[in-house]
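Spelled out from the first residue to the last, the chains are:
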Amino acid sequence: MEYRKDYFTDARREDLTEVGVTRRRSDVLGHVTGKTQYYADRNFAGLLHLKMVRSPHHHARIKSIDTSKALKVPGVLRVLTAKDVPQNIYTILCLIQVEPNDEPVLAFDKVRYRGEQVAAVLADSEVAARAGAGRVKVVYEELPAVFDVEEALKPGAPLVNEYHGRNYFTYEGHHCRRVRFGNVDEGLAAADHVIEEMYQSSPIEHAPTETTGCIVVPDQNDRYTCYSNTQALYFTLAVGGGFGGKVDVITEPIAFLSAMLTKRPVKYEYTREEEMQVSSPRAAERIYIKDGLSRDGRILARKVRLYVDAGAYSRHSPYGTTKAAAHMPGPYTIPHVSVDCHCVYTNRTPSSAMRGFGVTIGDFALEVQMDKLARLIGMDPMEFRILNAYRDGDMKAHHKQVEGAALIECVKAASDLAHWPLAERCKAMSSEKREA
Amino acid sequence: MTKVAVQFTLNDEEQNEFVDSGSTLLAVLRGKLGLYSTKAGCHQGSCGACTVIIDGEPRLSCLTLAQRCTGRMITTIEGLTRDGALHPLQQAFMEGFAAQCGFCTPGMILAAKSLLDRNQSPSRDDVIDAISGNICRCTGYEPIIAAVLAAAEQMRAEMKKSA
Ligand code: FES
Ligand code: FES
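**Some thoughts on the confidence of the model for chain B**
Line of reasoning, step 1. On average, residues of chain B score 96 in pLDDT, and 100% of them are at 70 or above.
Line of reasoning, step 2. Overall fold confidence for the complex sits at a pTM of 0.92, while the interface term, ipTM, reaches 0.97.

Pasting the structure below:
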């Protein structure tokens, strides 16, 4: 098997042998002796515990919040509501150009998903904080909620997030992230077969063994130290499992404010239940793929409609949706392509980053679709992929020329390993040039 | 809050403490004794990160009342490395990439130690059974199982040598 090395001529040496070899982690001595210090592995005199009062409703207007009973619980020091938050916007995402800011730190007018943060109870002990949280009285007026991405886009659907004015994220004036190449309707019309399939995934929780949390400690001169397990800051330091779920920096803003207002160290740690209910999962996606296929196995046209369920707020989903669009129509050369990727707001838990988000579910849909197409015309699915794979110099649907393609070689290598009998003509095919 | 006296042996050292009545062993180890090696992943008995050894048995410290520990012998991961020498399990976890983020590791090693203390020649199924209450979300269980079996083999070899 010839592997393509030309793209790595400088980077690749023949004598590299690391893959498949177990190497000792640099931090593993700390792990096996229990000395690795995670954010919660420290104590501070005067530490306050923060417990969050959360919305029991998917969508509701907040009529009133009464904290008086909570404040009477021995050990409860303070209860923060939206009124205490001077700039009540969760601004983390604008740092990576995901705008507008569409999420408050503490809900003030409405709650938009079940488990949304409404009031923060600060107490000397966890027990007191929990008891206090149970005594904050919030009066809600329930609103109709929407949980389905396509329902959310229909006229008359309940408006989830007023910051956007509509139930979708707007990309440079467009209602979705789009890819256009060739003329997809002509391509479909010219095809021998047209098939359309729908793929639907569920939200997926990362479930790290260590739940999300932080401790904020006031130092001198109005400075604060934050011990946190966010991945956004410490990509490599002690985090008890992240997988993307700790990228949002979600416990820190309110913990900081609490430490500033009380001048005491504050710890805000998700319970396992909170981790499951409110930490942002991988977005559920619904993907429609409509393909036009020629009898001899060429995909002539591919039309994709993809919906990312962002939940009630953006977090990283507008970015993930763009990634989804960038990933379509898969590593295949197709002359006519149309892709619409919608980032949709619903009354579900906001979704965000998780291992290859925006790509993984799309890949699942595309490759299942490839198998179905191959079956339809009675072709070996590996041969079908090789036939349609990108070749160097082809034009991608994103109007960029293909460079460094290696799919054919990968499929061949995988077929070898799996003892999959490849069709004779595949053996002569290569990513470097298109055969006559 | 009512305080109760507890007295137990922790890693061979006598401990006498007044603790809040109803507090868990996990809270006492971390909050009172400053032993942060015992991790909390759920506080509800489902993840195993808080596993310690009590009188030879693996126990979930988040579900164990501190006041019920009086008179007992408790081992945390610190108890495995006295005199600076690592336990064969710790060595095997290091060499075999059986820890990634490390959060499950102390509990996982203690669950395995309690097995090896009782059974010097465990089968693969014995190992799986012993760590079945311990969740690892990163490493994958294969390297962990392999590390426990490797440690068992190492310990048998050492015993043979010293016999
Ligand atoms: S913290 Fe005890 S089992 Fe999870
Ligand atoms: S190494 Fe991360 S949970 Fe096991």
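**Things to note about the environment of Gln120 of chain B**
Residues and elements named next belong to chain B.
Line of reasoning, step 1. Its place among the elements puts Gln120 in the loop between helix 3 (105–118) and helix 4 (124–130).
Line of reasoning, step 2. The class for Gln120 is partly exposed, based on a relative accessible area of 44%.
Line of reasoning, step 3. Taking C-alpha positions, Gln120 is 32 Å from Ala27, a pair spaced 93 residues apart along the chain.
Line of reasoning, step 4. In this view, Gln120 contacts Ala152, Arg156 and Met159; residues no more than four positions away in its chain are not counted.

**Concerning the domain arrangement of chain A**
Residues and elements named next belong to chain A.
Line of reasoning, step 1. Each domain of chain A was delimited in the assignment, giving domain 1 (5–33), domain 2 (41–143 + 206–278), domain 3 (144–204 + 281–374) and domain 4 (380–436).
Line of reasoning, step 2. Domain 2 and domain 3 are separated by 33 Å when their C-alpha centres are compared.
Line of reasoning, step 3. Counting residues at the interface gives 28 residues for domain 2, matched by 31 residues for domain 3.
Line of reasoning, step 4. Surface buried jointly by domain 2 and domain 3 totals about 2400 Å² across both partners, of which 55% is contributed by carbon and sulfur atoms.
Line of reasoning, step 5. Looking at the side of domain 2 facing domain 3, the largest losses of area belong to Asp102, Arg112 and His206, adding up to 26% of the total buried there.
Line of reasoning, step 6. On inspection of domain 2 and its partner domain 3, the count reaches three salt bridges.

**A short note on the packing of helix 2 (residues 88–95) of chain B against helix 3 of chain B**
All names here are of chain B.
Line of reasoning, step 1. Helix 3 packs onto helix 2 with a crossing angle of 130° between their chain directions and a minimal axis gap of 10 Å. With respect to helix 3, the element helix 2 is oriented oblique. Judged by the sense of rotation from one axis to the other, the crossing of helix 2 with helix 3 is right-handed. Together, Leu89, Gln90 and Phe93 of helix 2 and Thr105, Met108, Ile109, Ala112, Lys113 and Leu116 of helix 3 make up the contact between the two elements.
Line of reasoning, step 2. Partitioned by chemical class, the residues of the contact of helix 2 with helix 3 number six nonpolar, two polar and one charged.

**Some remarks on the pattern of salt bridges**
Residues and elements named next belong to chain A.
Line of reasoning, step 1. By the definition in use, this model includes 35 salt bridges over all chains.
Line of reasoning, step 2. We note a salt bridge from Arg112 to Glu162, for which the minimum N-O separation is 2.6 Å. Residue Arg112 is found in the loop between strand 4 (110–111) and strand 5 (117–123), and its partner Glu162 is found in the loop between helix 4 (149–152) and strand 7 (177–181); the two are separated by 50 residues along the sequence.
Line of reasoning, step 3. Glu172 is the salt-bridge partner of Arg177, the closest N and O atoms lying 2.9 Å from each other.
Line of reasoning, step 4. Counted as one network, the salt bridges with shared partners bring together Asp148, Glu150, Glu196, Arg286 and Arg305.

**Concerning the domain arrangement of chain B**
All names here are of chain B.
Line of reasoning, step 1. Assigned domains of chain B: these are domain 1 (3–79) and domain 2 (88–162).
Line of reasoning, step 2. Centre-to-centre, using C-alpha coordinates, domain 1 lies 22 Å away from domain 2.
Line of reasoning, step 3. Each partner contributes to the interface: domain 1 provides 17 residues, whereas domain 2 provides 13 residues.
Line of reasoning, step 4. The largest per-residue losses of area from domain 1 upon contact with domain 2 belong to Thr51, Ile53 and Ile77, which jointly make up 40% of the total buried on that side.
Line of reasoning, step 5. Where domain 1 packs against domain 2, one counts zero salt bridges.
Line of reasoning, step 6. The interface formed by domain 1 and domain 2 holds four residue pairs in polar contact (both at pLDDT 80 or more) in total.
Line of reasoning, step 7. Secondary-structure elements contributing two or more residues to the side of domain 1 that touches domain 2 are strand 3 (51–54) and strand 4 (57–60).

Conventions used here
Residues numbered from 1 in each chain as written. Chains lettered and ligands numbered in written order. Predicted model: local features only at pLDDT ≥ 70, side-chain atom pairs only at ≥ 80, totals over all residues. Heavy atoms only, no water. pLDDT = per-residue confidence, 0-100. Helix = DSSP H or I, 4+ residues; strand = E, 2+ residues; numbered from the N terminus. Buried < 20%, exposed > 50% of the residue type's maximum accessible area, 1.4 Å probe, protein only. Contact = heavy atoms within 4.5 Å. Domains from an automatic or database assignment. Buried area = accessible area lost by both parts, 1.4 Å probe. Salt bridge = Lys/Arg side-chain N within 4 Å of Asp/Glu carboxyl O. Axes fitted to C-alpha atoms, helices over the stretch in contact; angles between N-to-C directions. Parallel < 35°, antiparallel > 145°, perpendicular 65-115°, else oblique. Left-handed = near helix turned anticlockwise from the far one by under 90°. Nonpolar A, V, L, I, M, F, W, Y, C, P; charged D, E, K, R; others polar. Polar contact = N/O pair within 3.5 Å; in protein donor to acceptor, adjacent residues only side chain to side chain.

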